[in-house]
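The primary structure of each chain is shown beneath.
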Amino acid sequence: MKLNILFINDVHGYLAPHPELFYDETGEIIETVGGYANIAGIVEEIRRENSNTLLFDGGDTLHGTKPLVDSKGEAIVPILNALKPDALVGHWDFGYGPEQLQKINKQLNFPILGCNVFNEDGSNFLQPTAMYEREGVKIGVIGISAMIVDKVMPKKMSKGLKFTSGIEELPKYIKNLKNEGADIIVLISHNGFPQDIELLKKVDGIDICLSAHTHNRIYTPIEINNALIIQCGCHGAFIGNLTIEVETGKIKKYDYELIKVDSSTPKNIEMDTLIQKILKPYKEIRGIALGQTKEILHRYNTLNSTMDNFLLKAIAHVTETEIAFSNGWRYGAPIPIGKITENDLYNITPMNPPVSTVELKGLEIKEMLEENLERTFCCNPLKQMGGYVKRVLGLQINMRIENPKGHRIQEIYYKGSHLNLDKTYKVSFVTTQGVAKKYGNNRQKHSQKAVEAMKAYLKEHPVFSPDTLESFRLV
């Protein structure tokens, strides 16, 4: 029996084709890719060629663009139901709180899975597993939602819930599914590629791992402990198509293609009509230019980000501060050279968080940055807790990535001199992921939120160029 397993992950609410970052011999380039109409067209064609096809979604699906945030995720429900995936797991999908996620869960025609998400009484918050059968072959599926939701994300996302890594739960569910006759075990995980590699080393019995969260473009499946692991970039730019041949309950042969979702792929017209209806109220903010950028603005580098350099300059401008921090978010489609629209600003910060200020000692700044570097580069993947490195404006940090916890930072420069660890600095930030509540004194919310701050900055600086001196430098 030939089975196609299709996979998308970290679409982050990008309903229509959008700019995406690629690379050639000249460096960074932009191509227009993605969109659920083309995703649906590809899926439809593969299903037509092989009725034994399953489609899975790795999560970060219900959040990330203004139409989804405005509707608390509900705008995408008809799109997902039309696409007909077989299961979904979550991360930012908890962004509107557990009650709203369950409300959406009831509207979907397929399950949201999470064997590692528990209510306060220890019961499962989500369905842990699902079973599918094709031509007598049973495929057992286990879902892991992001373990970091109750650890580093805004508290409202995990109210009343506990998240584990899933490692302790997996053996039980693998055994249960095999006892129910599962021939193939598929794990859908939103823990991240490094975490999933570590998990596969520790847990036997998984045949296929569909990995999400870290936005890796994996062009060839990686084999770990007899399991195949794939991940398919982000923003719906790719679909993974894993074709397996199953004989006597075992995978005898496989083939894989990471399909770029571009204009050369088929488009589902009904899906496109549905998307255009959802996007119609946002037509104006998608078209009118507020300013321009001289360089591509994106978040695809681990240490520094041209997109966040723009965000931080804006919040520092409105707060009249010289040091600013934000989280190392991964999501957000690149902004090509040329116009910057209001819609682009919402893609940078779809939740439009408040701009705030806080007073931090120099020592606190160093401790906060060391904590963030450990969460990003910890040698134990299961203790890596975030996206990329915290974004910083106004400081230059020389670091050694290979050094142990608490000792990666060699020097921090502020205005050309070493940061005074005993001095207090007024800094600006967005969200508690920018500056956690345990740090600093005299926190104050500014009158403007992030999008308004970026608008105000563009009004005075209509042509933007990122800083040439990067905040983090490897030495």
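Look a little higher up for the structure.
First, a word on what this report is: a plain description of the structure on this page. (Residues numbered from 1 in each chain as written. Predicted model: local features only at pLDDT ≥ 70, side-chain atom pairs only at ≥ 80, totals over all residues. Heavy atoms only, no water.)

**Looking at the sheet that holds strand β27 (residues 472-474)**
Phase 1: If you walk across this open sheet you meet the four strands as β23-β22-β21-β27, and the pairing is mixed. Looking at strand neighbours, the two that pair on one side only are β23 (417-418) and β27, the edges of this open sheet.
Phase 2: Here strand β21 (residues 396-399) runs beside β27; their pairing, made up of three bridges, is parallel. What sits directly across from Ile397, in β27, is Phe472.
Phase 3: Across the face of the sheet, helix α11 (residues 362-377) comes into contact with β21, β22 (409-414) and β27 while running at roughly 130° to β22. (Pairing = 2+ DSSP bridges. Helix = DSSP H or I, 4+ residues; strand = E, 2+ residues; numbered from the N terminus. Contact = heavy atoms within 4.5 Å. Axes fitted to C-alpha atoms, helices over the stretch in contact; angles between N-to-C directions.)

**Considering the nonpolar core**
Phase 1: Counting 103 residues, the largest nonpolar core has Tyr36, Phe94 and Ile206 as the members making the most contacts within it.
Phase 2: Considering each element in turn, this core owes the most residues, eight residues, to helix α9 (residues 306-319).
Phase 3: Each residue touching Phe94, except ones within four places of it in the same chain, is listed here: Leu101, Val117, Phe125, Leu126, Ser145, Val149, Met157, Leu161 and Phe163.
Phase 4: Core analysis: the second largest hydrophobic core is formed by 30 residues, Val33, Ile184, Ile208 and Cys232 among them. (Core = buried A, V, L, I, M, F, W, Y, C linked by side-chain atoms within 4.5 Å. Buried < 20%, exposed > 50% of the residue type's maximum accessible area, 1.4 Å probe, protein only.)

**Description of the packing of aromatic side chains**
Phase 1: In total, this model carries eleven aromatic pairs according to the counting rule given.
Phase 2: Each ring, one from Phe56 and one from Tyr132, has its centre 5.9 Å from the other, and the planes form 70°; the classification is edge-to-face. Of this pair, Phe56 sits in strand β4 (residues 53-57) while Tyr132 sits in strand β7 (residues 129-134), placing them 76 residues apart in sequence.
Phase 3: Here Phe56 falls in the buried class, since its relative accessible area comes to 0%.
Phase 4: Tyr132 gets classed as buried once you look at its relative accessible area, which sits at 12%.
Phase 5: With a centroid separation of 6.2 Å and 65° between ring planes, the pair formed by Phe310 and Tyr457 is classed as edge-to-face. Separated by 147 residues along the polypeptide, Phe310 in helix α9 and Tyr457 in helix α12 (residues 450-460) bring together distant segments of the chain. (Phe/Tyr/Trp six-rings, centres within 6.5 Å; stacked < 30°, edge-to-face > 60°.)

**Re the packing of α9 against α12**
Phase 1: Two elements in contact, α9 and α12, have axes whose closest approach is 8 Å; the angle formed by their N-to-C orientations is 85°. On the basis of the axis angle, α9 is roughly perpendicular to α12. Of the residues in α12, those in contact with Phe310, Leu311, Lys313, Ala314, Ile315, His317 and Val318 of α9 are Ala450, Ala453, Met454, Ala456, Tyr457, Leu458 and Glu460.
Phase 2: Partitioning the contact of α9 with α12 into residue classes produces eleven nonpolar, one polar and two charged. (Parallel < 35°, antiparallel > 145°, perpendicular 65-115°, else oblique. Nonpolar A, V, L, I, M, F, W, Y, C, P; charged D, E, K, R; others polar.)

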